[in-house]
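Here is what each chain is made of, one letter per residue.
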Amino acid sequence: MSTTQSERLRGLLEPLVSKRGLDLEEIEVTPAGKRRVLRVVVDADDGVQLDTCAELSRELSGVLDETDAMGGSPYVLEVTSPGADRPLTEQRHYRRAVGRLIKVRLTEEAGGEELTARVTAVDDEGVDLEVPGVKGRKPTRRRLAFGEIAKARVEIEFNRKAAEKAQQKSAAADDESKEEA
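What comes next is a walk through the structure. (Residues numbered from 1 in each chain as written. Predicted model: local features only at pLDDT ≥ 70, side-chain atom pairs only at ≥ 80, totals over all residues. Heavy atoms only, no water.)

## Side note on the side chain of R96
And then number 1: Tracing the backbone through its elements, the reader meets R96 in helix α3 (residues 91–96).
And then number 2: For R96, a relative accessible area of 17% puts it in the buried group.
And then number 3: Polar contacts involving the side chain of R96 include one to the main-chain carbonyl oxygen of A44, which spans 3.4 Å.
And then number 4: Here the side chain of R96 touches D45 through a polar contact of 2.8 Å, side chain to side chain.
And then number 5: Discounting residues that sit within four places of it in the chain, R96 has contacts with D23, E25, D43, A44, D45 and R86. (Helix = DSSP H or I, 4+ residues; strand = E, 2+ residues; numbered from the N terminus. Buried < 20%, exposed > 50% of the residue type's maximum accessible area, 1.4 Å probe, protein only. Polar contact = N/O pair within 3.5 Å; in protein donor to acceptor, adjacent residues only side chain to side chain. Contact = heavy atoms within 4.5 Å.)

Below, the structure written as structure tokens:
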């Protein structure tokens, strides 16, 4: 997709997406046989419901039909939310991941290591993480500036309740040790 077409589509669609309280994350046009697929990815702090995607799809379709933004050749419009494994690239992505486990690769300047940790807080400068303890050790806290992060994505947790229970147990043990001191 040419930059001009991308900019034109973004300028046309972003106000409609924003009006619904959503963020326009991505616009992608890809060939699919004799047609093209226009994929519009939207997100929000509380996630995006299927009904919201369907309503937005109808609205965007109407606007696209009224303009020549997609040219004369046929296309399929797909309105979706980002997948669970999408990269975390913006501050809002990290803010939406608070409480979730993420895998982070640091920049070479920051050591180039890879770590898995839970996001505890986010601000304008970076992310606060809780790195799980290894072999019975207590979790440690770590602060990363956004500039230190080369790549990050949310880790899918299939047994999140067990992880939360372990975290609560760890916090209770911390409280007990503070009371004893």
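There is more to say, and it comes next.
## Considering unusual backbone geometry
And then number 1: Notably, K135 is not glycine yet its phi reads approximately 55°, a positive angle.
And then number 2: Residue K135 is classed as exposed on the basis of its relative accessible area, which comes to 84%.

## Examining the pairing of strand β4 (residues 101–106)
And then number 1: Sheet analysis places β4 next to strand β5 (residues 114–122), joined by 5 bridges and oriented antiparallel. Looking across to β5, one finds that V104 is bridged to L115.
And then number 2: Examined bridge by bridge, β4 and strand β8 (residues 149–154) share 5 bridges and lie antiparallel to one another. Paired with R105 across the strands is K151, a residue of β8. (Pairing = 2+ DSSP bridges.)

## Section: the environment of E25
And then number 1: On the secondary structure map, E25 appears in strand β1 (residues 23–32).
And then number 2: Given the relative accessible area of 17%, E25 is considered buried.
And then number 3: Not counting residues within four places of it along the chain, the set of residues in contact with E25 comprises R10, V41, V42, D43, R86, R92, H93 and R96.
And then number 4: Among the polar contacts listed, one links the side chain of E25 to the side chain of R92, at a separation of 3.0 Å.

## Observations concerning the sheet that holds β4
And then number 1: Taken in spatial order, the 5 strands line up as β7-β6-β5-β4-β8 in an open sheet, and their pairing is antiparallel. The open sheet terminates on both sides in strands that have one partner only, identified here as β7 (140–145) and β8. Across the sheet, the mean angle from the axis of one strand to that of its neighbour is 40°, orientation sign disregarded.
And then number 2: Two elements, β5 and strand β6 (residues 126–131), share 4 bridges in a ladder whose sense is antiparallel. Considered in β6, the bridge of V122 is made with V127. (Axes fitted to C-alpha atoms, helices over the stretch in contact; angles between N-to-C directions.)

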